[in-house]
Number of protein chains: 2
Amino acid sequence: MKTSPDTANTTQRADKKEQRRLQMADIARLAGVSTSTVSRALSGSKLVNDETKTRIAELAKSLNYSINIGAQNLRLKQSRTIAVVIPSDSATRQHLTDPFFLGMLGSLADALTERGFDMLVSRVDAEQLDSVSQIYDTGRASGIILIGQWRHHDQLNELALRQVPLVVWGAQLPKQLYVTVGSDNINGGKLATRHLLDQGRRAIAFFGDIQLPEVSQRYQGYCAALSEAGLPVREELVVAASFVEDGGKQAVAELCARQVKFDALFACSDLLAMTAINSLRERDFSVPADVAVVGYDDIELARYFHPPLTTIRQPMPVAGLALVDALLQQIDTHASQAFLLDTELIIRRSSQ
Amino acid sequence: MKTSPDTANTTQRADKKEQRRLQMADIARLAGVSTSTVSRALSGSKLVNDETKTRIAELAKSLNYSINIGAQNLRLKQSRTIAVVIPSDSATRQHLTDPFFLGMLGSLADALTERGFDMLVSRVDAEQLDSVSQIYDTGRASGIILIGQWRHHDQLNELALRQVPLVVWGAQLPKQLYVTVGSDNINGGKLATRHLLDQGRRAIAFFGDIQLPEVSQRYQGYCAALSEAGLPVREELVVAASFVEDGGKQAVAELCARQVKFDALFACSDLLAMTAINSLRERDFSVPADVAVVGYDDIELARYFHPPLTTIRQPMPVAGLALVDALLQQIDTHASQAFLLDTELIIRRSSQ
DNA sequence: TTGAAAGCGCTAACAT
DNA sequence: ATGTTAGCGCTTTCAA
């Protein structure tokens, strides 16, 4: 039988036993009240005498006591925790390194703090996205924000079917059962392309993997802008560049191998744009003189690049809040809507 | 901001009836056994019949049941959660945007997953670092990893005094009560400076805020390398550049205002190096011809910069594991040691 | 205004 | 090999 630690017990120096953590019963005893009163006092209930309330609050503070959140959550059947999940490619494990996703994490951290939620971050193998529901099923988090839609449309639909409260950063697709928050990719693509057209460029290359929903919409914007200007979409200018590794380098190589003339480039991420610019430079193209370049994301380093990168900014600070609020609303009301954020063209030297 | 035009985008559940979450008792009833048996079966106890064990496991799987972690943790008096804290400047809120810290988050996510812990991420106002202990006192996390020692030495010591299990990424200082894991900044500074000396440079500027422990050690390395080469440390070449904003730009301005000749630059972060290089370029210095530059951190973009940045790499993948293991050991044994990771010179074009 | 008692969902002695 | 029972630390009826 285990005796509860008691004041009469001698504590030995060699004794490695955890000094028992203070709990509500201790505060109650020291204040000469019941735990109910302590609980009420600390939660600011008006059922308790003001004088006792402050006495208890001070006692707690002086002893460095804080309510055990695990127990509180169990009792209240809540968790006040949201999980942020970033699918990671099992092979490269590279996704969490993209500056864009990382910026998003910061924005989410702020938004969740503001709403009084804790943020649990986990990387999940992209091939096992269904394991995401565990985070919810176990009560670890009351909902899930997933950053990185990639090609997981079907798996995400399955999650939604399982009633997991879920909001995804990405593009809206047909037959979509889950809720997305994202920026206006179509317009982003238009803005970028129009800007290049305004600079007098006519042979605008497009770098991006059209299989990805967001990129596909940026491509739609690209096509729309060309069409507005009365220009055809020339397939030989479109390269399926991937986001990983030296995507830009490979894409430039591919484009050059095609022997096609081009005087501008719209790359679907800043990273892609930067590696592309470096490759262009190696091949003695000058940016922006020979090739005007526009990127996408406006990561922090875009302005420090040489030349400073013209790009499409996604509104990060708003993005976090939008994701969080969409999720909280879904948890509350079991219904919420897709939400589209404005994109903005940031003009710097790489395109002028 | 617009709401999306699509029709099918509202996820609704007409049925608002709370479907009670499945719990162990339900599984027990359905399996015709007691909850103890279910508990044991799911935890793989050998006390339970193999046949029953698989029966229960399958039942649970088919019903999508997972153990409620909150209740489990309460009962087991554990949390299997580690908090990762990033102090944020109350004014700028900029710290979580430094690519280096963000890379660290990724590394920690991997390391914690590997050790079976959840990662709670929170941004805490740098002026109220003592509030960090709440995360521990409330039982929310069993320990804390703090990224960003900055000038908070005293506050960190106080936290350690309060018995909060804590490991800090940073430099080891005298009279330090908390445990640090960090890279070998002194050697990093030496490697960078020696490399510049090897390139024949003799007037090497140093950019960094020596008030910060890590930077101070890099500066020590810088001094040591100069001294090895029989050169004096020239104060007019040392600029107290800050990490934030256009730190590099200001530092270059300051240096030029001093009218001192320099042919190399060691900047204490890659971001600093990059902004400095851009400023140098504006002033018609060529890099590396006129000024050879070495940065610090080896963030992902360093290799994509123009010119590709020579830098000191801190071993990120190892860093996460080292931090986590130091913390877990501290939680287990109430003792752990500071740990120093090797730094490595990565030579690229900016210095040659 | 306060206290007693029940129980959140689980685990682990202690029985059988 | 399985069931009974007593909590983990808290909140909240219900009773006083």
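Residues numbered from 1 in each chain as written. Chains lettered and ligands numbered in written order. Predicted model: local features only at pLDDT ≥ 70, side-chain atom pairs only at ≥ 80, totals over all residues. Heavy atoms only, no water.

Q: Residue-level account of the overall build of chain A, with values.
A: For chain A, the helix and strand inventory stands at 12 helices and 12 strands. Its C-alpha atoms give chain A a radius of gyration of 27 Å, clearly above 20 Å, the size a compact globule of 352 residues would have. Referenced to the eigenvectors of the C-alpha coordinate spread, the extents of chain A come out at roughly 85 × 45 × 40 Å. Counting over 352 residues, chain A shows a buried share of 54%. Partitioning the intrachain contacts of chain A with sequence separation of at least 6 by distance along the chain shows that 70% fall at a separation of at least 24. (Helix = DSSP H or I, 4+ residues; strand = E, 2+ residues; numbered from the N terminus. Rg over C-alpha atoms; globule rule 2.2 N^0.38 Å. Buried < 20%, exposed > 50% of the residue type's maximum accessible area, 1.4 Å probe, protein only. Contact = heavy atoms within 4.5 Å.)

Q: Can you lay out the pairing of strand β10 (residues 292-297) of chain B for me, pointing to particular residues and giving the numbers?
A: The side chains of a regular strand alternate, residue by residue, between the two faces of the sheet. All names here are of chain B. Counting buried positions over the 6 residues of β10 gives 6, a clear majority of the element. Crossover strand β9 (residues 264-267) to β10 through helix α11 (residues 270-282) is right-handed. Of the pairings in the sheet, the one linking β10 to strand β11 (residues 310-313) comprises 4 bridges and is parallel in character. Counted as the bridge partner of Tyr 296 is Ile 312 from β11. (Right-handed = clockwise from strand over helix to strand, strands pointing away. Pairing = 2+ DSSP bridges.)

Q: Outline the UniProt feature "domain: HTH lacI-type" (unreviewed entry) in chain A, listing residues and values.
A: Residues given the UniProt feature "domain: HTH lacI-type" (unreviewed entry) here are residues 24-76 of chain A. Strand forms 0% of residues 24-76 of chain A and helix 72%; the C-alpha atoms that close the span are 16 Å apart. (UniProt positions renumbered as here; feature names shortened; annotations may be inferred.)

Q: Before we move on, could you go through unusual backbone geometry and cite the residues and values that matter?
A: For the bond running from Val 287 of chain A to Pro 288 of chain A, omega is 10°, close enough to zero to count as cis. By secondary structure assignment, the location of Pro 288 of chain A is in the loop between α11 (270-282) and β9 (292-297). Notably, Gln 163 of chain A is not glycine yet its phi reads approximately 70°, a positive angle. Relative to the helices and strands, Gln 163 of chain A resides in the loop between α7 (153-161) and β4 (166-169). Gln 163 of chain A gets classed as partly exposed once you look at its relative accessible area, which sits at 36%. Unlike most non-glycine residues, His 334 of chain B shows phi in positive territory, near 60°. Structurally, His 334 of chain B can be placed in the loop between α12 (316-333) and β12 (339-341).

Q: How would you sum up the state of the cysteines? Please name residues and give values.
A: All names here are of chain B. Scanning the model with the defined rule gives 0 disulfides over all chains in all. Cysteine Cys 223 remains unbridged, with the sulfur of Cys 268 as its closest cysteine sulfur at 11 Å. Not part of a disulfide, Cys 256 finds its nearest cysteine sulfur in Cys 268, a span of 18 Å. (Disulfide = S-S within 2.5 Å.)

Q: Describe the packing of helix α2 (residues 35-42) of chain B against helix α3 (residues 50-62) of chain B, with residues and values.
A: All names here are of chain B. For the pair α2 and α3, the least separation of the axes is 9 Å and the interaxial angle reads 90°. In terms of axis orientation, α2 runs roughly perpendicular to α3. Between α2, through Thr 37, Val 38, Ala 41 and Leu 42, and α3, the contact on the second element is made entirely by Lys 53, Ile 56, Ala 57 and Ala 60. (Axes fitted to C-alpha atoms, helices over the stretch in contact; angles between N-to-C directions. Parallel < 35°, antiparallel > 145°, perpendicular 65-115°, else oblique.)

Q: Lay out the side chain of Ser 122 of chain B in plain terms, naming residues and giving numbers.
A: Structurally, the position occupied by Ser 122 of chain B is in strand β3 (residues 118-125). Among all residues touching Ser 122 of chain B, those that are not within four sequence positions of it are Val 84, Val 85, Ile 86 and Ile 135 of chain B.

Q: Go over the sheet that holds β10 of chain B with me, naming the residues and quoting the values.
A: Residue and element names in this part refer to chain B. The strand order across the open sheet formed by 6 strands is β8-β7-β9-β10-β11-β13, and the pairing between neighbours is mixed. Strands with a single pairing partner mark the edges of an open sheet, and in this sheet they are β8 (238-239) and β13 (344-346). Pairing geometry for β11 and β13, over 3 bridges, is antiparallel. Within β13, the residue paired with Ile 312 across the bridge is Leu 345. Helix α8 (residues 185-198) contacts β7 (204-207), β9, β10, β11 and β13 of the sheet and is inclined by roughly 165° relative to β10. Together, β7, β8, β9 and β10 form the strand contacts of helix α9 (residues 213-228), whose direction differs from that of β7 by roughly 170°.

Q: So what's going on with the environment of Thr 37 of chain A? Which residues, and what values?
A: Residue and element names in this part refer to chain A. Assignment of secondary structure puts Thr 37 in helix α2 (residues 35-42). For Thr 37, a relative accessible area of 19% translates into the label buried. On a C-alpha basis, the gap between Thr 37 and Gly 295 in space is 60 Å, while along the polypeptide they are 258 residues apart. The residues touching Thr 37, leaving out its near neighbours within four places in the chain, are Val 48 and Ile 56.

Q: Break down helix α4 (residues 69-76) of chain A for me, citing the residues and quoting the values.
A: Here α4 of chain A starts with a cap whose side-chain oxygen sits 2.8 Å from the backbone nitrogen of Gly 70 of chain A, and that cap is Asn 68 of chain A. Phi turns positive, to about 50°, at Lys 77 of chain A, one or two residues after α4 of chain A. (Polar contact = N/O pair within 3.5 Å; in protein donor to acceptor, adjacent residues only side chain to side chain.)

Q: So what about the packing of helix α1 (residues 24-31) of chain A against helix α3 (residues 50-63) of chain A? Which residues, and what values?
A: Residues and elements named next belong to chain A. Two elements in contact, α1 and α3, have axes separated by 10 Å at closest approach and are oriented at 125°. In terms of orientation, α1 and α3 fall into the oblique class. Seen from above, α1 lies across α3 with right-handed handedness. Taking contact as the criterion, the partners of Ile 27, Leu 30 and Ala 31 in α1 are, on α3, Arg 55, Ile 56, Leu 59, Ala 60 and Leu 63. In the contact of α1 with α3, the residues fall into 7 nonpolar, no polar and 1 charged. (Left-handed = near helix turned anticlockwise from the far one by under 90°. Nonpolar A, V, L, I, M, F, W, Y, C, P; charged D, E, K, R; others polar.)

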